[in-house]
Amino acid sequence: MKKPIYKRVWFWVIAVIIVFGAISASGSKEETTPVANSNNTNNINTTQDKSDDTGNETTEKEGKEVEEKVENEVEKVVKEDSVPREYKSALKKAVIYAETMNMSKAGIYNQLTSEYGENFPPEAAQYAIDNIEFDWKEAALKKAKTYAETMNMSNSAVYDQLISEYGEKFTKEEAQYAIDNLE
């Protein structure tokens, strides 16, 4: 006499797999929102209209302000059409990284040239670094404040993170300025 199908091991293994598959499929739906792009020249997406984890509103107006800063910075530097498009794009990305993420020159250069980042040729990245006008000491100070406030790091740990080749890659002078001006 054969066992009924519901008493067979393989039946229950398949049933468990189907149940777990159904549960994980229904529970893993993530809500995604597309980013509206108002800059047709380089598809630069800077912000979305949403609240972040701290409850701060990131508005379309703020995003447009960043885009305007980028365009103004690039226009100041690139006044001639003989500059290759890729160099201009690298400069725009460099300004975005500086303005929005307070990255160091070395950090931006590495991001621009990294095969896991922007993958610009070294010449384009160097052009961007040579032509960006930014207050690197203030950027270091903003990064230092982030580390001090969100990670409760000591001044010496913040300094080490700011100058580390595996961290932020600010110069020692920029990092010292940041530490000296932390509140």
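Residues numbered from 1 in each chain as written. Predicted model: local features only at pLDDT ≥ 70, side-chain atom pairs only at ≥ 80, totals over all residues. Heavy atoms only, no water.

Engineer: What is the right way to look at the environment of Lys93 in this model?
Structural biologist: Note that Lys93 resides in helix H3 (residues 85-101). Considering only alpha carbons, one finds Lys93 and Ala128, 35 residues apart in sequence, at a separation of 8.5 Å. Ignoring any residue separated from it by four or fewer positions in sequence, one finds Lys93 in contact with Leu112, Glu118 and Phe120. (Helix = DSSP H or I, 4+ residues; strand = E, 2+ residues; numbered from the N terminus. Contact = heavy atoms within 4.5 Å.)

Engineer: What am I meant to see in the nonpolar core here?
Structural biologist: Among soluble globular proteins, nonpolar side chains are generally buried collectively. With 18 residues, the main nonpolar core has Leu91, Ala94, Ile108, Leu112, Ala128 and Ile132 as its most contacted residues. Of all elements in the fold, only H3, helix H4 (105-113) and helix H5 (122-131) reach the threshold of two or more residues within this core. Broken down by element, this core gets its largest block of residues, six residues, from H3. The residues touching Ala94, leaving out its near neighbours within four places in the chain, are Ile108, Leu112, Ala128 and Ile132. Of all hydrophobic cores here, the second largest spans 13 residues; its members include Ala140, Tyr147, Phe170 and Leu182. (Core = buried A, V, L, I, M, F, W, Y, C linked by side-chain atoms within 4.5 Å. Buried < 20%, exposed > 50% of the residue type's maximum accessible area, 1.4 Å probe, protein only.)

Engineer: What is the right way to read unusual backbone geometry from this model?
Structural biologist: The residue Asn102 is not glycine, and still its phi comes out positive at about 50°. Tracing the backbone shows Asn102 in the loop between H3 and H4. Look at Asn102 and you get buried, because its relative accessible area is 13%. Backbone geometry places Asn119, a non-glycine residue, at a positive phi of 60°. Here Asn119 shows up in the loop between H4 and H5.

Engineer: Explain the packing of aromatic side chains here, please?
Structural biologist: Ring pairs (aromatic) are described by centroid distance and by the angle formed between their planes. For the structure on display, the rule yields two aromatic pairs. The interplanar angle of 45° and the centroid separation of 5.3 Å between the aromatic rings of Tyr87 and Tyr127 together place this pair among those described as tilted. Here Tyr87 is found in helix H3, whereas its partner Tyr127 is found in helix H5, with 40 residues between them in sequence. Owing to a relative accessible area of 23%, Tyr87 belongs among the partly exposed residues under this scheme. Its relative accessible area of 16% is what places Tyr127 among the buried residues. (Phe/Tyr/Trp six-rings, centres within 6.5 Å; stacked < 30°, edge-to-face > 60°.)

Engineer: Mind showing me how you'd approach the pattern of salt bridges here?
Structural biologist: Opposite charge on two side chains permits them to pair, given that their charged atoms come into close proximity. Counted under the stated rule, the structure contains three salt bridges. The closest approach of N and O atoms between Lys137 and Glu173, which form a salt bridge, is 3.1 Å. Within this pair, whereas Lys137 is found in helix H6 (residues 136-150), its partner Glu173 is found in helix H8 (residues 172-180), the two being separated by 36 residues in sequence. The exposure class of Glu173 is exposed, given its relative accessible area of 54%. Linking Glu168 and Lys143 is a salt bridge whose minimum nitrogen-to-oxygen distance equals 4.0 Å. Linking Glu168 in the loop between helix H7 (155-163) and H8 with Lys143 in helix H6, this pair joins segments that are 25 residues apart in sequence. Look at Glu168 and you get buried, because its relative accessible area is 14%. (Salt bridge = Lys/Arg side-chain N within 4 Å of Asp/Glu carboxyl O.)

Engineer: Would you mind showing me how to read the environment of Ile132 here?
Structural biologist: Positionally, Ile132 belongs in the loop between H5 and H6. Between the alpha carbons of Ile132 and Lys92 there is a distance of 9.1 Å; along the sequence they are 40 residues apart.

Engineer: Mind showing me how you'd approach H3 here?
Structural biologist: Note that an α-helix has 3.6 residues per turn; residues three or four places apart therefore point the same way. With 17 residues, H3 should cover 24 Å at 1.5 Å per step; its first-to-last C-alpha distance of 24 Å lies within 8% of that length. The positive-phi residue at the C-terminal boundary of H3 is Asn102, with phi of around 50°. (Expected span 1.5 Å × (residues − 1).)

Engineer: What am I meant to see in the packing of H3 against H4 here?
Structural biologist: Describing two packed helices takes the angle between their axes plus the distance from one axis to the other. For the pair H3 and H4, the least separation of the axes is 10 Å and the interaxial angle reads 130°. As judged from the angle between their axes, H3 and H4 are oblique. Seen from above, H3 lies across H4 with right-handed handedness. On the side of H3, the interface is formed by Ala90, Lys93, Ala94, Tyr97 and Ala98, while H4 contributes Ile108, Gln111 and Leu112. Of the residues contributing to the contact of H3 with H4, the split by class is six nonpolar, one polar and one charged. (Axes fitted to C-alpha atoms, helices over the stretch in contact; angles between N-to-C directions. Parallel < 35°, antiparallel > 145°, perpendicular 65-115°, else oblique. Left-handed = near helix turned anticlockwise from the far one by under 90°. Nonpolar A, V, L, I, M, F, W, Y, C, P; charged D, E, K, R; others polar.)

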